[in-house]
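Each chain, letter by letter, is given below.
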Number of protein chains: 2
Amino acid sequence: MDINLKINNTAARTGDMPAEEFKKYGYKLIDWIAEYLTGVQSMPVLSNVKPGDIKNMLPQHPPERSESMENILQDINRVIMPGITHWNHPGFMAYFNSTSSGPGILAELLSAGLNVNGMLWKTSPSSTELEQVTLDWFRQMLKLDKDFWGIIYDTASVSTMHAIAAARENISGSDIRMKGLVGGSEVNRLRLYASEQVHSSIEKGAITLGIGLEGVRKIPVDNEFKMIPSKLEEAIEEDKKNGWLPFCVVATVGTTSTTSIDPVDEIAGICLREKLWLHVDAAHGGIAALVPEMRHILNGVEKADSLVVNPHKWMFTPVDLSIFFTKKPQVLKQAFSLIPEYLKTSVDSEVENYMDYGVQLGRRFRSLKLWFIIRYFGTDGIIERVREHLRIGKLFASWIDEHPMFERLAPVPLSTTCFRAHPAGMDDEETLNTLNERLMDYVNSTGKVFITHTKLSGKFVIRLVVSGLRTEERHVRLAWEIIQQCLAELLRK
Amino acid sequence: MDINLKINNTAARTGDMPAEEFKKYGYKLIDWIAEYLTGVQSMPVLSNVKPGDIKNMLPQHPPERSESMENILQDINRVIMPGITHWNHPGFMAYFNSTSSGPGILAELLSAGLNVNGMLWKTSPSSTELEQVTLDWFRQMLKLDKDFWGIIYDTASVSTMHAIAAARENISGSDIRMKGLVGGSEVNRLRLYASEQVHSSIEKGAITLGIGLEGVRKIPVDNEFKMIPSKLEEAIEEDKKNGWLPFCVVATVGTTSTTSIDPVDEIAGICLREKLWLHVDAAHGGIAALVPEMRHILNGVEKADSLVVNPHKWMFTPVDLSIFFTKKPQVLKQAFSLIPEYLKTSVDSEVENYMDYGVQLGRRFRSLKLWFIIRYFGTDGIIERVREHLRIGKLFASWIDEHPMFERLAPVPLSTTCFRAHPAGMDDEETLNTLNERLMDYVNSTGKVFITHTKLSGKFVIRLVVSGLRTEERHVRLAWEIIQQCLAELLRK
């Protein structure tokens, strides 16, 4: 017996998990996920553990000896699940949602199994070419011109950082790649423009790229939270007079707080005149533009230099998968291409090596997800699902509008409603803010729905987003009932 | 019949893949991967398709109608496989290898199924806390001080970019986050130091961060390709005299061409004296340091400010998973933390929100891979596998040393051998370069082994790396036989 044990241990010390074991636990995990996705709606959407609870269930030291897959899988339910906030839950109506789908999950499984690094064409031609083809499919789905060239990055934050880096590289007469920005008598201080409602990733990009937070000038918005083009023009004029060098504008199609749609076409006109790089951040909203009657939200994009859209937000793609399109891939390449000897191949002049277009050398085989999802749902199926979300989103907004104790605080161009409770006679803003924060927390504590907030002109505003694959009218109807009940209870207290 | 079709189509237009279908194709894919990993050694390791071959097998337009999973999975063999270069193949001895393992693949499957975004503690406490615990396990496995704080990024390129960004933020008296680098009278031009053998990602990081390629000064190496500390000191002195501002040094433990180990301890002494941020790039080599008798390659790391080690290179983890440790997380946070209203939570002061420490907001649940892999193999099992690679790597080097027609061109501190054919009497370097390039291509054309090259002092050098989970002595022995045969045939021609 002791001898057997030793033999087993030795055998376990080289190579991978045996195929039979992989199959056995692979099936178990597939079953577990199928059951999870079917049953997720009856779980509390927001985890209610306390800080440290999960950590306390885990050993402080790594195991020296191999543990069985049986034990490891059991710990998913015991340790991991209590601390999961269920992004897949139909009641997850917070932030911008991201839901996984069957075909997306299976594509990730395949990607992990093949485990290729698509840094070069040669390191897996299928990775590069499937990326090219699926991005061309997606370009057609978005009705974008043929001159939009695409690449998959991990997140919109990284896509946007590359957009700003390309805009920086594109400054004429500069040599920022070689000389950097520091001590540069050659260029004035750079200025990038975006609306007051722009996502924080634009500022993170500016910090990273050495432009600094002061290099981002926020342009005022109108009462629908859209950038005011005349204010953009004024800001550019003023900055030029004061020695700044304007170089880039970010227009947002679907801002994070309210999903407001900046007037891309008008902004594009200004950018053309001023020779500024125009980047369109449609990370969330771009997916709505797949629906033909919604395509207008991207009007003007044909004049933009770059665009980001995230299938991992509203196209049922497991994180991460962000699509970046640009009409000037050569500028991106000029900024980032660096080919050390050990990465040179004999076909470099004939093929696309995606490593040339960004910071990251390692590249997962992400296009498999796009390929599986577009084929499995079909473009019609994707459109129908998004169209249904838009319908339900507007339905919820109409309930808010009709109810005397609630008010809507922003237009609903997509499927996100910004609202608050506003009982008759309660007009002190502080009191209203406190009430609505308590209302949100109370609603979230039911475990049936998860909603988040933002602030608009100092007002605490609740956001409800409909973009989950499993979210149907009945779930939003339930959310609405819970919101009303919670408010009634809070007011009774 | 027509009516049925319509009903089916309508049904397919909302919601996810049904659970039964997910299970059926999930099992099929699990079987496919098990078979693939068992049979991969009999496939040609390097894809031999021509540019465009894969693209030509794919439709030019996306499908409007939903396709069956059956068809989609069939296309894996038909379309995808011919264009796969098999990183999982035991004969993949190119670049720095990355192999997936059973537990790693299953963890990715679970991560895609749960699909949480760990940007905030609240958005899934298990994601944040499992990351904290598994990184602490890994810290113990590497015998690092307790004051090393960790975070998982996607790739070493991104880890290193964050290291340099933290170094930049750490420059005393500067306000780069706010003011940027441009037009800055406050700071001189920044200079970062690394050896001539450093990875290209350091230069990409410098471009991205606005430091510029000229901001990277390459320090000469000795005849073992290690940075010469006295040359580093001289360079710093010279730069200071000429108005540069030295701010960071990158030491490499396992350079890409030869796996040379920079003398971290000596370099750390210089950094302490000069108050420079020391980043240690051990993306590949750090895994070797898990083996107790090899831990010395990290000597001096306790004086470093940051360190990167990639489990997705040599620890059987599917891409992507790069671990970044730093003793100064507060500097990283100071550089990158930006908390818009819509991401504020009531527990922010009590918990770690990993989004505060980098560019990326979206964060996959990557720590599941570490958790599964460390538990399934055990720390002993991981050590044994890496130790075996080190043994085989040195065995191969000994064969090169003993053979009169080959020569070794660099020491073998880890498991990578740099060598070339050098037949007696053939001493013209051009001729030798051509011969060795042809030899490499010829070996790769057999489909049994995939090796790549680098250049050392103008010489074309073949690299053979032993770090794949499925690579055993017999595979390296076979590679060696093929190399000798191919050389003999080339010389006969």
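Predicted model, so just to flag it, every value in this text is computed and none were measured.

Procedures and definitions
Residues numbered from 1 in each chain as written. Chains lettered and ligands numbered in written order. Predicted model: local features only at pLDDT ≥ 70, side-chain atom pairs only at ≥ 80, totals over all residues. Heavy atoms only, no water. Contact = heavy atoms within 4.5 Å. Buried area = accessible area lost by both parts, 1.4 Å probe. Salt bridge = Lys/Arg side-chain N within 4 Å of Asp/Glu carboxyl O. Polar contact = N/O pair within 3.5 Å; in protein donor to acceptor, adjacent residues only side chain to side chain. Pairing = 2+ DSSP bridges. Helix = DSSP H or I, 4+ residues; strand = E, 2+ residues; numbered from the N terminus. Right-handed = clockwise from strand over helix to strand, strands pointing away. Expected span 1.5 Å × (residues − 1). Buried < 20%, exposed > 50% of the residue type's maximum accessible area, 1.4 Å probe, protein only. Phe/Tyr/Trp six-rings, centres within 6.5 Å; stacked < 30°, edge-to-face > 60°. Lys NZ or Arg CZ within 6 Å of the ring centre and 35° of its normal. Axes fitted to C-alpha atoms, helices over the stretch in contact; angles between N-to-C directions. Least-squares fit on C-alpha atoms with pLDDT ≥ 70 in both. Parallel < 35°, antiparallel > 145°, perpendicular 65-115°, else oblique. Left-handed = near helix turned anticlockwise from the far one by under 90°. Nonpolar A, V, L, I, M, F, W, Y, C, P; charged D, E, K, R; others polar. Domains from an automatic or database assignment. Core = buried A, V, L, I, M, F, W, Y, C linked by side-chain atoms within 4.5 Å.

Asks: Tell me about the interface of chain B and chain A, and name the residues and values.
Replies: Taken residue by residue, the interface counts 165 residues in chain B and 165 residues in chain A. Carbon and sulfur atoms supply 63% of the area buried between chain B and chain A, which totals about 14,800 Å² over both sides. On the chain B side of the interface with chain A, the three residues burying the most area are Tyr342(B), Arg375(B) and Tyr376(B), jointly 6% of the side's total. Seen at the junction of chain B and chain A, the total is 12 salt bridges. A salt bridge links Arg364(A) to Asp320(B), with the nearest nitrogen and oxygen atoms 3.7 Å apart. In this structure, the connection of chain B to chain A is made through 87 residue pairs in polar contact (both at pLDDT 80 or more).

Asks: Please set out the pairing of strand β3 (residues 216-219) of chain A residue by residue, giving values where relevant.
Replies: All names here are of chain A. Looking at chain direction, strand β2 (residues 189-195) and β3 are connected through four bridges and run parallel. Each residue of the ladder has a partner; that of Tyr193, found in β3, is Arg217. Traced from β2 through helix α9 (residues 200-208) to β3, the parallel crossover comes out right-handed.

Asks: Outline helix α6 (residues 125-141) of chain B, listing residues and values.
Replies: One turn of an α-helix holds 3.6 residues; hence residues three or four places apart share an orientation. Here α6(B) spans 24 Å end to end across 17 residues, near enough to the 24 Å set by a 1.5 Å rise per residue. Taking burial as the measure, the 17 residues of α6(B) include 15 buried ones, the bulk of the element.

Asks: Go over the packing of aromatic side chains, please, and point to the residues and values.
Replies: Throughout the structure, instances matching the rule amount to 39 aromatic pairs over all chains. On the numbers, 4.8 Å between centres and 50° between planes, the contact of Tyr27(A) with Tyr27(B) is tilted. Of the two residues, Tyr27(A) sits in helix α2 (residues 19-39) while Tyr27(B) sits in helix α2 (residues 19-39), which places them in two different chains. Classification of Tyr27(B) as partly exposed rests on a relative accessible area of 27%. Between Trp149(A) and Tyr354(A) the ring centres are 6.1 Å apart and the planes differ by 50°, which places this aromatic pair in the tilted class. Taken together, the residues span a long stretch of sequence, with Trp149(A) in strand β1 (residues 149-153) and Tyr354(A) in the loop between α14 (329-336) and α15 (367-402) at a distance of 205 residues. Lying across the ring of Trp244(A), Arg191(A) places its NZ or CZ 3.6 Å from the centre.

Asks: An account of the sheet that holds strand β10 (residues 452-456) of chain A is needed here, citing residue identities and associated values.
Replies: All names here are of chain A. Pairing within the open sheet is antiparallel, and its four strands lie in the order β8-β9-β11-β10. Here the strands that pair on one side only, and so sit at the sheet edges, are β8 (406-408) and β10. For this sheet the average axis-to-axis angle between neighbouring strands, irrespective of direction, equals 40°. The strands touched by helix α16 (residues 429-445) are β8, β9 (416-421), β10 and β11 (459-465); relative to β11, the strand with the most contacts, the crossing angle is about 30°. Against the sheet, helix α17 (residues 473-492) engages β8, β9 and β11, with an angle of about 130° to β8.

Asks: Can you lay out the relation of the copies chain B and chain A for me, pointing to particular residues and giving the numbers?
Replies: Between chain B and chain A, the superposition needs a rotation of 180° and an axial shift of 0.0 Å, giving an RMSD of 0.0 Å. Taken together, the rotation angle and the small translation identify this as a two-fold axis. By C-alpha distance to the rotation axis, the residue of chain B lying nearest is Leu209(B), at 2.2 Å. Looking at the interface residues of chain B, 100% of them are also at the interface in chain A, so both copies use one shared face.

Asks: Report on the packing of helix α10 (residues 229-241) of chain A against helix α11 (residues 264-274) of chain A, specifying residues and quantitative values.
Replies: Residues and elements named next belong to chain A. Contact pair α10 / α11: the axes reach a minimum separation of 9 Å and the direction vectors enclose 20°. Judged by the inter-axis angle, α10 sits roughly parallel to α11. Classified by chirality, the crossing of α11 by α10 is right-handed. Contact with α10, carried on its side by Pro229, Leu232, Glu233, Ile236, Glu237 and Lys240, involves Glu266, Ile267, Ile270, Arg273 and Glu274 of α11 and no other residues of that element. Class assignment for the residues of the contact of α10 with α11 results in five nonpolar, no polar and six charged.

Asks: I'd love a proper account of the domain arrangement of chain A, names of residues and values included.
Replies: All names here are of chain A. By the assigned domains, chain A splits into domain 1 (117-364) and domain 2 (381-492). Taking the mean C-alpha position of each, domain 1 and domain 2 sit 32 Å from one another. In this complex, domain 1 contributes 24 residues to the contact, which on the side of domain 2 involves 22 residues. Summing both partners gives a buried area of about 1,800 Å² for domain 1 against domain 2, and 73% of it is carried by carbon and sulfur. Ranking the residues of domain 1 by area buried against domain 2 places Ser257, Trp314 and Phe316 at the top, with a combined share of 33%. Here Glu293 and Arg387 are joined by a salt bridge, their closest N and O atoms 2.7 Å apart. Here domain 1 and domain 2 share five residue pairs in polar contact (both at pLDDT 80 or more) between them. Broken down by element, the residue count for the side of domain 1 that touches domain 2 peaks at three residues, all from helix α12 (residues 285-288).

Asks: Can you break down the environment of Leu395(A) residue by residue, with the values?
Replies: Residue and element names in this part refer to chain A. Along the chain, Leu395 falls in helix α15. The class for Leu395 is partly exposed, based on a relative accessible area of 21%. Residues Leu395 and Thr417, 22 residues apart in the sequence, show an inter-C-alpha distance of 9.9 Å. Setting aside residues no more than four positions away along its own chain, Leu395 makes contact with Glu473 and Arg477.

Asks: Quick rundown of the sheet that holds β3(A)? Include the residues and the values.
Replies: Residue and element names in this part refer to chain A. With respect to topology, seven strands assemble into an open sheet ordered β1-β7-β6-β5-β4-β2-β3, the strand pairing being mixed. At either margin of the open sheet sits one strand with a lone partner, and together these are β1 and β3. With strand direction ignored, the average angle separating the axes of adjacent strands in the sheet is 20°. Relative to strand β4 (residues 244-252), β2 runs parallel, the two sharing six bridges. Residue pairing for β4: Leu190 is matched across the bridge by Leu245. Where α11 meets the sheet, it contacts β4 and β5 (277-281), and its direction lies at approximately 160° from that of β5.

Asks: Please set out the nonpolar core residue by residue, giving values where relevant.
Replies: Ranked by size, the top nonpolar core spans 286 residues in total, and within it Leu114(A) and Leu114(B) carry the most contacts. The residues touching Leu114(A), leaving out its near neighbours within four places in the chain, are Phe365(A), Leu368(A), Trp32(B), Tyr36(B), Ile80(B), Met81(B), Ile84(B) and Asn88(B).

Asks: Describe the pairing of β1(A), naming the residues involved and giving the relevant values.
Replies: All names here are of chain A. Counting buried positions along β1 gives five out of five residues, so the element sits mostly inside the fold. Of the two faces of β1, the one holding Trp149, Ile151 and Tyr153 and the one holding Gly150 and Ile152 are both buried throughout. Sheet topology note: the β1/strand β7 (residues 322-326) ladder contains five bridges and is antiparallel. Looking at β7, one finds that Ile152 is bridged to Ile323.

Asks: Summarise the packing of α16(A) against α17(A); cite the residues concerned and give the values.
Replies: Residue and element names in this part refer to chain A. Direction vectors running N to C along α16 and α17 enclose 125°, while the axes themselves pass 9 Å from each other. Comparing the axis directions of α16 and α17 gives the class oblique. The two elements α16 and α17 meet at a crossing, and its hand is right-handed. The residues of α17 that touch α16, namely those facing Leu435, Arg438, Leu439, Tyr442 and Val443, are Ile482, Ile483, Cys486, Leu487, Glu489, Leu490 and Leu491. When its residues are assigned to classes, the contact of α16 with α17 shows 10 nonpolar, no polar and two charged.

Asks: Please set out unusual backbone geometry residue by residue, giving values where relevant.
Replies: Looking along the chain, the bond that leaves Val319(A) and enters Asp320(A) is cis, with omega of 5°. Although it is not a glycine, Lys275(B) adopts a positive phi angle of roughly 55°. With respect to the helices and strands, the residue Lys275(B) is situated in the loop between α11 (264-274) and β5 (277-281). One non-glycine residue, Ser457(B), lies in the positive phi region at around 45°. As for its position among the elements, Ser457(B) is in the loop between β10 (452-456) and β11 (459-465). Judged by relative accessible area, which is 70%, Ser457(B) ranks as exposed.

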